[in-house]
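# A structural walkthrough
Here's the letter readout for the chains.
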Amino acid sequence: MASASSLHSEEQFQCSICLEVFTDPITTPCGHNYCNACITKHWDSSGVCKCPLCTQTFSRRPECSINKVLAEMVDQFRKSKELKKTSNTNQEPAKPDEVSCDVCTETKMKALKTCLMCQISYCETHLEPHLRLTALKRHKLIDPVKNLEDVMCKKHDRPLELFCKTDLMCVCQFCTQSDHKSHHTVSLKEGYDGHKVELGKTEAEVEKMIKERRLKILEVKHTVQLSKKDADEEIADSVQVFTALARCIERSQAEVIDVIKEKQKTTEIQAEGFIKELQQEITQLEKRSAEVKQLSITEDHLHLLQNLTCINTPPPTKDWTKVNVHQSSSSVGTVRTAVAQLEKTLSEEMKKLCGAELRRIQKYAVDVTLDPDTAHPNLILSEDGKQVHAGNMQKKLPDNTERFSQCVCVLGKQIFSAGRFYYEVQVGGKTNWDVGVARESINRKGPITVSPNNGYWTIGLRNVNAYWANADPAVVLPVKQKLQKVGVFVDYEEGLVSFYDVEARVHLYSFTGCSSTERLYPYFSPQLNGGGKNSAPLILSPVNHSD
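Conventions used here
Residues numbered from 1 in each chain as written. Predicted model: local features only at pLDDT ≥ 70, side-chain atom pairs only at ≥ 80, totals over all residues. Heavy atoms only, no water. Salt bridge = Lys/Arg side-chain N within 4 Å of Asp/Glu carboxyl O. Helix = DSSP H or I, 4+ residues; strand = E, 2+ residues; numbered from the N terminus. Buried < 20%, exposed > 50% of the residue type's maximum accessible area, 1.4 Å probe, protein only. Pairing = 2+ DSSP bridges. Core = buried A, V, L, I, M, F, W, Y, C linked by side-chain atoms within 4.5 Å. Contact = heavy atoms within 4.5 Å.

### Regarding the pattern of salt bridges
- Under the counting rule described, the total for this entry stands at 10 salt bridges.
- With a closest N to O distance of 2.7 Å, Asp 434 and Arg 462 form a salt bridge. Of this pair, Asp 434 sits in strand E13 (residues 433-439) while Arg 462 sits in strand E14 (residues 456-462), and the two are 28 residues apart along the sequence.
- For Arg 462, a relative accessible area of 26% puts it in the partly exposed group.
- A salt bridge links Glu 440 to Arg 519; the shortest N-O distance between them is 2.6 Å. Of the two residues, Glu 440 sits in the loop between E13 and E14 while Arg 519 sits in the loop between strand E19 (506-511) and strand E20 (520-525), which places them 79 residues apart along the sequence.

This is the structure we're talking about:
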């Protein structure tokens, strides 16, 4: 006798609801077979008793019993199927975050589709019969979802098939005929594709922002490294200076103490000599006094007269009224000399320190050129924009908003709003000039007073030899020799503007607390020609880092 598996195909033993081999099969009055649990669940969830295959409706729920003959056939078929079962499959078990097949009884495989009518998710194996059976082809299949309620319209109990671009929400077909009647709706795929493009743009923008911030982190780290390097160099230079000063102080102190002690010793020796001489004279005088007393009581007139001349002649003594002991108070001059030497040493060390400082800030040198659009009509600029001097006549130039109208000055083309920068200007041969930096919003029309309150941080020369820092109030600069080249250094974030005598390698003056949110320009004023006495130009010179 042939086996059940050879007489029947698998389709004949499959429940059209779960698409698995029957479990406890029953037969409906219309003649179709289902698993007892499947048809019961189907009728319970739908609320209407009708056949899923032929859609015949029953006025009341049929009382169906287990079809024993079919159950035995199914049992034989299942045993035969288990024997032929193989592990050669491309399916993968569902991961915790994936939708699993509701039909799999042992290992739950990954679901490929969910049937809205059956409300069941199917893996590849169990989906194939669902696609093949003619009666099930009208069932709506969607991408697998864990919770079917999430894709159902709660108002109409229909699948969410459309996306309302007006209210940015998913809707069903019935929603477009009521609440969203006049709204712009598209299919879920079209809405998905559109938003995916927008998300792609957003993702690109976010990635760009992330990249910019990562680059900023690298920039900050690089700045910290440079800052640490500068700090280490400054510490090394300061340690060298203070070590030299400490040694000089210790040496000078020891020398002063030795000199004072030596002078005190000399004073003591001199005093001892004087005391010895005085003691000797006292002894001689005491002896003469005894002789006088002896003669004064004698009655031998002849003896008195014979010795009178000798007694009246005083013993040889020194005139002590003109003798003074030299006190060691003269050591005050020694201390003064030592302090003067310390000041000289300090000056030399400060010069070394300033030289090292100048070498560090010269690393921030920038190429500055003069802006002819800002130059006063009296000024003459070189073609390369590196020199400026005052002429004897005003040129006819456009009176634009950037140009200075009364003060003979000019700005650099370069604008600075962050970081550090440094440039050098040759000022030799002039009797008057000003150099420094200025805020962008400075007044360029009418008379100008260069001061920090008005947006200028500058130093200058007046009347050949008077050097000033144009502060509030102005500060006289103790310049020992005529300036030939001035270095200008700005640390924007620190609010610091410093000036240096480049050739003498000496710090001249620093403006601090120059806080400003505005951009800064290099500022130059060669001042008036002065009948040719001040005709020499201000020259922007390249920075020689080897100085």
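### As for the sheet that holds strand E3 (residues 113-115)
- Taken in spatial order, the three strands line up as E4-E3-E5 in an open sheet, and their pairing is antiparallel. With partners counted over all chains shown, the strands left at the sheet margins are strand E4 (120-122) and strand E5 (141-142), one partner each.
- As judged from the three bridges shared by E3 and E4, these two strands associate in the antiparallel manner. In the strand pairing of E4, Thr 114 is matched with Ser 121.

### A few points about the nonpolar core
- Counting residues in hydrophobic clusters, the biggest one holds 38 residues, and the most contacted among them are Tyr 423, Trp 433, Val 435, Ile 459, Val 486, Phe 511 and Phe 524.
- Not counting chain neighbours up to four residues away, the residues in contact with Trp 433 comprise Val 427, Ile 459, Gly 460, Leu 461, Arg 462, Tyr 467, Leu 483, Val 486, Ser 525, Pro 526, Gln 527 and Leu 538.
- Of all hydrophobic cores here, the second largest spans 29 residues; its members include Phe 13, Cys 15, Cys 35 and Ile 39.

These results come straight from atomic positions and should not be treated as a statement about function.
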